[in-house]
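# Structural overview
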Amino acid sequence: MSHPNYMELAAPGVRGLQPYQPGKPLAELEREYGIHDAVKLASNENPLGPGALAVAAAREVLTDLSRYPEGSGYLLAERLAGKHAVTPAAITLGNGSNDVLDMIARVFLGPGIEAVYSQHAFAVYPIAVQATGARARVAPAADGSSGPAYGHDLAAMAERVGPQTRLVFIANPNNPTGTWLKEAELRAFVDDLPDHVMVVIDEAYFEYVDEADYPDSSRWLAECPNLIVTRTFSKAYGLAGLRVGYAVSDPKVADLLNRVRHPFNVNTVGQVAALAALDDSGHLEETLRVHRAGMAQLVSGFERLGLSCIKSVGNFVAVDVGRPAAAVYEGLLQSGVIVRPVANYEMPNHLRVTVGLPEENQRLLAAMKKVLA
Ligand SMILES: *Cc1c(COP(=O)(O)O)cnc(C)c1O
C-alpha cells in the first residue's frame, strides 16, 4: 500500500499551521557547540528556579504517582477561587495556560467563525485559532501615535469584530513586545464588545507588572460576563516544567471549557506544587526583586551599546539590534547565550531577551557587544 497524502487527509485548519518554535534548550546548544556553561535567556523562565515550598510539596507526592491525579484539582481550584474572589466553579485548570487557550478556541471557534488578535501577539493564538478552522482577523499593532508602538491597538481590534466573531485574544502584557494596556482603555474595550463576543485577557506576566493603572481584570468578572482571564504558574512562580495554568470565567463558561478539557490534564505533582507556590510569598518577592534589578541592568546595558528596546513590563525585553537579528542570534549562540529570535512575530530586527540573574545578564551584554562589533 502506498503512503496516503497525509496533508490532504489533515483537517483544513491544520494544513497551514507551523509548529510552535520553543526557545533552544540548553542541553541542545551545549551538545551542538561543545560548550559547557551556556546561559538560556530564551523562554521567560524564572532564573531563580522554583521555590523551596513547591519543590518540597512536589517531592512529597512522588510516592503517590500510581494514582490518577485529582481530576477536578479540587484544592488548587478552591485556593485560586479565594485568590480571585470567585466560586471554585469559575476556575478551569489547564496543562499550562496554553492548554486553557486551546480549550477556549475549541469551545467557541470552528469553520465560518472568526477570532481577533493583534499583530505581534503571542504565537499560541494563531495556532489555537487556525487549528479549529476558524478565520483569524489580525489587527495591525499600534504605530506609536496612540499608545506604545508594537502594542495592541484596541480601536483597530474593535474594527475587526463582526457578526461572525466569537473570540478576541488580548495579552496584557503581550509577549514578545512587553507592551501593556491600561485599566480604563481595556475596560472600555471589553464593555463595548457585542454580547456574542467573548474576550480572553491573558495575564501570564501579571505578577511582574508594577504600574499603577495596570488592571487585575479578574476583578471585572461580576460585571463582564463575556470575559475569560488566564494566568499561569510558568513565569513568576517558576514552575514552567510542571505545566499548570488556569482560566477564571463565569461558571457557565467554565462548564463549557470542562466539556473539552482532557481528563486529568493537570498532573498530581503540578497540582500540589502550584498550591504550595501560592503560599510562598518569600520566593515571589525575591523573584520580583531580582527581576527589577535585572531589567534595569539589561535596559541600561542595551543603551550603552546604542540599542533601543521596547519598554516592557514582562520578565523579558525585545531589543532592536538594528539589523536582521538572525545573524546576531547565531553569534550569541556561539558565545553560549541563547535568546529568542522573533522574526516569526514580524519583528525581524528584534531579539527577545529574558531577564536573568545578574551574571547571566552580564554574559548576554558582553556577548552582544562582541557580536555587534
Ligand atoms: C508564557 C506565556 C503563556 C503561558 O504558557 P504556559 O502554557 O502557562 O506555560 C501564556 N501567554 C503568554 C502571553 C505567554 O508568554
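Residues numbered from 1 in each chain as written. Predicted model: local features only at pLDDT ≥ 70, side-chain atom pairs only at ≥ 80, totals over all residues. Heavy atoms only, no water.

### Thoughts on the packing of helix α6 (residues 97-108) against helix α10 (residues 251-260)
It is at 9 Å that the axes of α6 and α10 come closest, and there the two elements cross at 100°. With respect to α10, the element α6 is oriented roughly perpendicular. In this structure, α6 contributes M103, I104, R106, V107 and F108 to the contact, and α10 contributes V253, L256, L257 and V260. Residues belonging to the contact of α6 with α10 are distributed by class as follows: 8 nonpolar, no polar and 1 charged. (Axes fitted to C-alpha atoms, helices over the stretch in contact; angles between N-to-C directions. Helix = DSSP H or I, 4+ residues; strand = E, 2+ residues; numbered from the N terminus. Parallel < 35°, antiparallel > 145°, perpendicular 65-115°, else oblique. Contact = heavy atoms within 4.5 Å. Nonpolar A, V, L, I, M, F, W, Y, C, P; charged D, E, K, R; others polar.)

### Topic: the sheet that holds strand β6 (residues 198-202)
Read from one edge to the other, the open sheet built from 7 strands follows the order β2-β8-β7-β6-β5-β3-β4, with strand pairing classed as mixed. Sheet topology places β2 (91-94) and β4 (135-139) at the edges, where each strand pairs with a single neighbour. Adjacent strand axes in the sheet meet at a mean angle of 20° when their direction is disregarded. Across 3 bridges, strand β3 (residues 114-118) lies against strand β5 (residues 165-171) in parallel orientation. Its bridge partner being in β5, V116 is matched across the sheet by V168. (Pairing = 2+ DSSP bridges.)

### Overview of the pairing of β5
Of all 7 residues in β5, 6 are buried, a share of seventy percent or more. Two strands pair when backbone bridges link them, and β5 and β6 are joined in this way by 5 bridges, in the parallel orientation. Considered in β6, the bridge of A171 is made with D202. (Buried < 20%, exposed > 50% of the residue type's maximum accessible area, 1.4 Å probe, protein only.)

### Quick notes on the domain arrangement of the chain
Partitioning the chain into domains gives domain 1 (7-49 + 282-372) and domain 2 (65-279). In this assembly, 30 residues from domain 1 lie in contact with 31 residues from domain 2. Around 2500 Å² of area is buried between domain 1 and domain 2 when both sides are counted, 65% of it from carbon and sulfur atoms. Here domain 1 and domain 2 share 2 salt bridges between them. Between D210 and R292 there is a salt bridge; the shortest N-O distance is 3.6 Å. (Domains from an automatic or database assignment. Buried area = accessible area lost by both parts, 1.4 Å probe. Salt bridge = Lys/Arg side-chain N within 4 Å of Asp/Glu carboxyl O.)

### A look at unusual backbone geometry
Cis peptide bonds are those with omega within 30 degrees of zero, and the linkage from N172 to P173 qualifies with 0°. Positionally, P173 belongs in the loop between β5 and α9 (183-192). Here the residue pair N175 and P176 is connected by a cis peptide bond, since its omega of 15° sits within 30 degrees of zero. Summarising the element assignment, P176 is placed in the loop between β5 and α9. Not every positive phi belongs to a glycine, and R243 is a case in point at roughly 60°. On the secondary structure map, R243 appears in the loop between β7 (227-232) and β8 (245-249). Using a relative accessible area of 27% as the deciding quantity, one classes R243 as partly exposed.

### Remarks on the nonpolar core
One finds V168, I170, F189, V199 and F233 to be the most contacted residues of the largest nonpolar core, which totals 42 residues. The element contributing the most residues to this core is helix α11 (residues 268-278), with 5 residues. For V199, the contacting residues outside a window of four places in its chain are V168, I170, F189, V190, L193, N226, L227 and I228. Core analysis: the second largest hydrophobic core is formed by 31 residues, V100, A123, A247 and V253 among them. (Core = buried A, V, L, I, M, F, W, Y, C linked by side-chain atoms within 4.5 Å.)

### Section: the packing of α6 against helix α7 (residues 124-131)
Packing of α6 against α7 leaves a shortest axis separation of 9 Å and a crossing angle of 35°. Between α6 and α7 the crossing geometry is right-handed. Of the residues in α7, those touching α6 at N98, L101, D102 and A105 are V124, Y125 and A128. The residue makeup of the contact of α6 with α7, split by class, is 5 nonpolar, 1 polar and 1 charged. (Left-handed = near helix turned anticlockwise from the far one by under 90°.)

### Side note on α7
Taken residue by residue, α7 has V124, Y125, P126, A128 and V129 as its buried positions. At its buried positions, α7 is contacted by α6, β3, β4, β5 and β6. A positive phi of about 90° marks G133, the residue just after α7.

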